[in-house]
Amino acid sequence: MPDWLVEHGIGESRALLVEGDDILAARLRWPGDLPVGSRAQAVLVSKPAGRSRGLARMANGTELMVDRIPAHCNEGAAVPLVVTRAAIAERGRFKRAQARVVEDTDNSPSQQADDVFAMGDTVRRLPAGAWEEVWHTASAGEVAFAGGALLFSVTPAMTLIDIDGDRPPRELALAAVPEIGRWLRLFDLGGSIGIDFPTLATKADRKAVDAALDAALGGWPHERTAMNGFGFVHIVARLDGPSLLHRFATARIGAAARMALRRAELVEGPGATLLTVHPAVRAKLKAEWLAELERRTARRVRIEIDPGLAIEAATAQIVAHDG
C-alpha cells in the first residue's frame with residue numbers, strides 16, 4: 001500500500017508517495033501557497049454588475065479570482081471562500097488563485113486534493129536520494145532513458161514533452177511511454193500537456209502507442225486525444241497548482257536556496273555549518289530561514305559566496321567553530 005511521506009523543510013514542505021523502494025509521486029508546497037480546498041475569508045474588491053465572478057482580497061493582501069458570487073454580495077462584502085486552484089506564476093504573468101464563495105448551507109466536501117501534507121506521515125528525512133532525484137530532474141527538465149530522452153518545456157499555454165533519441169521511431173515512442181507515465185506524477189503536472197512523439201507511419205504503430213499510454217496513465221485522472229498523424233498527443237489533467245517544473249521555470253533561485261538549506265540541515269557532526277552558495281542564492285536566504293537552520297541543527301551557520309558556483313550546486317559541510 002503506497003504511503004505519503006512528508007518532510008517539513010525550511011521554506012518548503014516536500015512529499016513523496018512511496019511503495020516499497022518505488023517513488024510514485026511527489027508534491028511541493030511553499031509558505032503562502034493556498035492549496036486546493038483551503039478555506040479563506042476575503043473582501044470583494046471588484047464585481048461587475050450582473051456577473052457572478054469578481055476579485056477578492058484577503059487581509060494579508062492576497063488576491064483571488066472568485067466564482068459563484070451570490071447576487072446579494074456586492075463590492076466591500078466579506079465572503080467565505082474555498083480555493084479551487086492555487087496561484088500559478090508563469091513567465092511574464094501571474095495567475096491568481098481561484099476560489100468560489102461558500103454559502104452557509106454549502107455542505108459539499110473539501111476538494112483539497114493535496115492534503116497529503118496534513119495527512120501524510122511526517123518524517124525527518126525522506127528516503128535517501130529520492131527527493132534529490134526528483135529535484136535535479138525537475139531542475140534539468142530532462143529525463144534520460146535507454147536510447148532516448150524526454151525534454152520538458154513549460155510555456156504559458158501548456159507543458160510540452162519532446163521525445164528525442166536514436167532508436168527506430170516505434171521503438172523510441174514505446175520506450176518513452178513508461179517514463180512519461182512516471183514523471184507526470186513525479187513532477188505533479190496538471191493542466192494542458194502536449195507530447196510530441198516521433199512521427200509513426202502506420203496506424204497500427206500509433207494504436208500501439210495509444211494502448212501503451214492507456215496502461216501507463218491508468219489511475220491518473222485525465223483526458224487525452226489519440227495520437228495524430230504527426231505524432232502529437234494532447235493531455236488535459238486537473239490543474240491544482242504549480243508543478244515542480246513550474247517552480248523551476250519561474251522561481252529557480254528560490255528553489256535552489258531552499259535546497260541549499262536542506263543540504264545544510266542534513267549534514268551531521270560537531271562544529272559549525274559552512275554553506276557555500278552562488279551570490280544570487282545568498283540574496284534569497286532569509287534571515288529567519290538561517291535562524292531556523294541554526295535552531296534545528298544546534299550549530300552556528302557561516303555563509304560563503306562563490307560566484308563560480310552553479311545556482312543549483314550549493315554545498316554544506318561541518319567546519320571547526322570560529323574562535
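Data block above holds the structure.
Note that this is a predicted model, so its numbers are computed, not measured.

Cut-offs and rules
Residues numbered from 1 in each chain as written. Predicted model: local features only at pLDDT ≥ 70, side-chain atom pairs only at ≥ 80, totals over all residues. Heavy atoms only, no water. Salt bridge = Lys/Arg side-chain N within 4 Å of Asp/Glu carboxyl O. Helix = DSSP H or I, 4+ residues; strand = E, 2+ residues; numbered from the N terminus. Axes fitted to C-alpha atoms, helices over the stretch in contact; angles between N-to-C directions. Parallel < 35°, antiparallel > 145°, perpendicular 65-115°, else oblique. Contact = heavy atoms within 4.5 Å. Nonpolar A, V, L, I, M, F, W, Y, C, P; charged D, E, K, R; others polar. Expected span 1.5 Å × (residues − 1). Bend = angle between axes of the 7 residues up to and from the residue. Polar contact = N/O pair within 3.5 Å; in protein donor to acceptor, adjacent residues only side chain to side chain. Buried < 20%, exposed > 50% of the residue type's maximum accessible area, 1.4 Å probe, protein only. Arc of directions from axis to C-beta. Pairing = 2+ DSSP bridges.

A look at the pattern of salt bridges
Taken as a whole and assessed by the stated rule, the structure comprises 20 salt bridges. As a salt-bridge pair, Asp214 and Arg224 come within 2.8 Å of each other at their nearest N and O atoms. Of this pair, Asp214 sits in helix α4 (residues 203-216) while Arg224 is found in strand β16 (residues 223-224), placing the two residues 10 residues apart along the sequence.

With respect to the packing of helix α2 (residues 130-140) against helix α3 (residues 169-186)
Two numbers describe how α2 lies on α3: the axes approach to 11 Å, and their chain directions differ by 100°. On the basis of the axis angle, α2 is roughly perpendicular to α3. Counting all contacts with α2, which are made through Glu133, Val134 and Thr137, the residues of α3 involved are Arg182, Trp183 and Leu186. Tallied by class, the residues present in the contact of α2 with α3 amount to 3 nonpolar, 1 polar and 2 charged.

What about helix α5 (residues 244-266)?
For the α-helix, the turn length of 3.6 residues means that residues three or four positions removed from each other point alike. End to end, α5 covers just 22 Å across 23 residues, shorter than the expected 33 Å (1.5 Å per residue, more than 12% under). Ala251 marks where α5 bends most, by close to 110°. Capping the start of α5 is the job of one residue whose side-chain oxygen sits 3.3 Å from the backbone nitrogen of Leu245: Ser243.

Some words on helix α7 (residues 287-297)
Of the residues making up α7, those classed as buried are Trp289, Leu290, Leu293 and Thr297. The buried residues of α7 occupy an angular sector of 100° when projected down its axis, which confines them to one face. Residues of α7 that are exposed and point over 90 degrees away from its buried face: Ala287, Glu288 and Arg295. Against α5, α6 (279-284) and β19 (301-305) lie the buried residues of α7. Of the residues trailing α7, Ala298 is marked for its positive phi of about 55°.

Looking at the sheet that holds β19
Pairing within the open sheet is mixed, and its 3 strands lie in the order β19-β18-β20. At either end of the open sheet lies a strand with only one pairing partner, and these are β19 and β20 (315-319). In this sheet, neighbouring strand axes are inclined to one another by 25° on average, regardless of whether the strands run parallel or antiparallel. When strand β18 (residues 272-277) meets β19, the two strands line up parallel, connected through 5 bridges. Within β19, the residue paired with Thr276 across the bridge is Glu304. Sheet strands in contact with α5 are β18 and β20, and its direction is about 155° off that of β18.

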